[in-house]
Amino acid sequence: MSDLREGGDHHITVVGAGLSGAAVAASLAQRGWQVLVLEAATDLGAGASGLPVGLAAPHVSPDDNILSRITRAGVQATLARAQSLTDSGHLTAADWGWSGVLEHRIKGKRELPSGKALPQEHEQWSTRASTAQVTAAGLPSGTPALWHSQAAWLRPQRLVAAQLATPGITLRLGCAVQRISYSSAGWSLWDAQGQLLTLTPDVVLASAFDTAGLLQGLVDSDPEVGLNFPLHPLRGQISFGKVADLPAATQAQLPPFPVNGHGSFISGVAAPGQAEAHWFIGSTFERDCTQAPVRTEDHAANQTRLNTLLPALAEGMAPGFAPEQIQGWAGVRCTLPDRLPAVGPVDPVRWPGLHLCTGMGARGISLSVLCGEAIASLLTGQPHPLQSELAKHVAAQRFAKGAR
Ligand SMILES: Cc1cc2nc3c(=O)[nH]c(=O)nc-3n(C[C@H](O)[C@H](O)[C@H](O)COP(=O)(O)OP(=O)(O)OC[C@H]3O[C@@H](n4cnc5c(N)ncnc54)[C@H](O)[C@@H]3O)c2cc1C
């Protein structure tokens, strides 16, 4: 244990103020830790968490696989935190809605588990959608669909800001960490000019794709280290517009809850910086692209996606895709090959006090709060929020030398 850990107060630095960094910071601050959050951008929402709105929704699979079970635990943690931040007045009904989500089972995909794989709490989570729910979504009666009751739409930037308001957190914007180094005194974090930003006993890298670069710097300085940390960029774009600009008949047809299953459609939510209700469809998936400009062809791809997801609505939505009306947002998800995040220490013997919280992929809203709780539990010796057979699948240590 380093010198900096001695004494009563626990101090930690988190790099990155997206959903991951904000969740870790809040989980630790709630436990009485002093948390310094360093964010490269001058505003929140610079990375993928700048997404205007997204879903926290369960994943289902016939065998109730690892991803399904972890996502369910994650959604539960996100809903609980959003509810608690609402109770404390940090979030409002304009920021998120526990709406439930209808999943259109296109081509019969996404079968519910059955037999031994059926989770005990299954009925509380996901069921076959009723005829009333299917028709409310504007789909023909008999369309295969699931109803997820434990699911919500959420504006990520609002959740980030609300979590960072937890007492005990200090946020420094415009503070890019270029390099990290370890000594017996703790972790030193340096900027691009070689100035020391902070010296800290524990550090959490929640800097999305940049996490790989910061780790590579450590690896390069120690050729003995074996670390294969295959973070990949996965660009995505959503398309959106004002509900009021749609024909009146189309406005009346908008589903009263989000629909997913081939991308997702959400309506009635304000877009960032705009008070009016908007509709949102997305999103695209483009591998190995680190650029996030909004592209016309991606709006066309999202319109095609809507044709499949909600065919009856799509025709009436066509005017909303006119160039003078359509708006877009694009960002870069960062993913790991097994589609699960990397959480906790990477190599606690060689690098004590270094933790990761990254690789949220397409599920940062669903997974980040759970990951923040996992890191807080590891650092405070409390029980891990996941059963051990699941916890090992998100452990950052799975990428260390000699790991599977
Ligand atoms: C189009 C699209 C749609 C999506 N839809 C959904 C959805 O419906 N549901 C869902 O659950 N998820 C969704 N996601 C995924 C979700 O947005 C991400 O998983 C999540 O935002 C990742 O959060 P993060 O904090 O790990 O990364 P980021 O939000 O990228 O945050 C990383 C932060 O670190 C900062 N940073 C980076 N490097 C440094 C450095 N060296 N020093 C200091 N700061 C640094 C960055 O500026 C950034 O603010 C979607 C993503 C996209 C792109």
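As the structure is a computational prediction, the values presented were derived from the model and not from experiment.

K.L.:
Can you break down the environment of Ala-208 residue by residue, with the values?
P.N.:
For Ala-208, the location among the structural elements is in the loop between β13 (203-205) and α6 (210-220). Placed 57 residues apart in sequence, Ala-208 and Phe-265 show a C-alpha to C-alpha distance of 26 Å.

K.L.:
So what's going on with the site of the ligand? Residues and values would help.
P.N.:
The ligand sits among 41 residues. The nearest are Gly-16, Gly-18, Gly-47, Gly-54 and Gly-364. Both domains that furnish three or more residues to the shell around the ligand are identified here as domain 1 (3-48 + 159-231 + 338-399) and domain 3 (232-335).

K.L.:
Any chance you could break down the sheet that holds strand β4 (residues 96-97) for me, citing the residues and the numbers?
P.N.:
Taken in spatial order, the three strands make up an open sheet running β3-β8-β4, and their pairing is antiparallel. The open sheet is flanked by β3 (54-56) and β4, the only strands paired with a single partner. The pairing of β3 with strand β8 (residues 152-154) spans three bridges and is antiparallel. Residue pairing across strands places Ala-56 opposite Ala-152, the latter belonging to β8.

K.L.:
Could you give an account of the domain arrangement of the chain, with specific residues and numbers?
P.N.:
In terms of domain boundaries, the chain breaks down into domain 1 (3-48 + 159-231 + 338-399), domain 2 (58-67 + 84-154) and domain 3 (232-335). For domain 1 and domain 3, the distance between their C-alpha centroids amounts to 32 Å. Facing the eleven residues of domain 1 at the interface are seven residues of domain 3. Here the side of domain 1 that touches domain 3 is built from residues that sort into six nonpolar, four polar and one charged.

K.L.:
Now, about the environment of Ala-322: what can you tell me, with residues and values included?
P.N.:
Structurally, Ala-322 can be placed in the loop between α9 (311-317) and β19 (327-335). Given 10 C-beta atoms within a 10 Å radius, Ala-322 is considered exposed.

K.L.:
Break down helix α5 (residues 156-164) for me, with residues and values.
P.N.:
The element α5 is largely enclosed, with a buried count of eight among its nine residues. Of all the positions in α5, only Pro-156, Gln-157, Arg-158, Leu-159, Val-160, Ala-162, Gln-163 and Leu-164 are classed as buried.

K.L.:
Report on the nonpolar core, specifying residues and quantitative values.
P.N.:
Membership of the largest hydrophobic core comes to 110 residues, with the highest contact counts inside it found for Ala-25, Val-204 and Val-343. It is helix α10 (residues 364-380) that provides the largest number of residues to this core, a total of nine residues. Among all residues touching Ala-25, those that are not within four sequence positions of it are Val-14, Val-35, Val-37, Gln-163, Leu-164 and Ile-169.

Each value, and the rule that gives it
- Per chain, the residues get numbers from 1 upward, laid out in the order the sequence is written.
- Since the coordinates come from a predicted model, pLDDT governs what is reported: local features require at least 70, and pairs of side-chain atoms require 80 or more to be given and counted, while whole-chain, interface and lining totals use all residues.
- Helix and strand assignments follow DSSP, with helices taken as H or I runs no shorter than four residues and strands as E runs no shorter than two, numbered in order from the N terminus.
- We call a residue near a molecule or strand if the C-beta atom, set from the backbone, is within 6 Å of it.
- Bear in mind that the domain bounds are from an automatic or database domain assignment.
- Note on pairing: DSSP must find at least two bridges between two strands before they are called paired.
- We call two residues in contact if the C-beta atoms placed from their backbones are at most 7 Å apart.
- Ten residues, namely Ala, Val, Leu, Ile, Met, Phe, Trp, Tyr, Cys and Pro, are considered nonpolar, four, namely Asp, Glu, Lys and Arg, are considered charged, and the remaining ones, Gly among them, are considered polar.
- Neighbour counting defines burial: a residue surrounded by 20 or more other C-beta atoms within 10 Å of its own C-beta is buried, one with 12 or fewer is exposed, and intermediate counts give partly exposed, using backbone-placed C-beta atoms.
- To define a nonpolar core, we join buried Ala, Val, Leu, Ile, Met, Phe, Trp, Tyr and Cys residues through C-beta atoms within 7 Å and take the resulting set.

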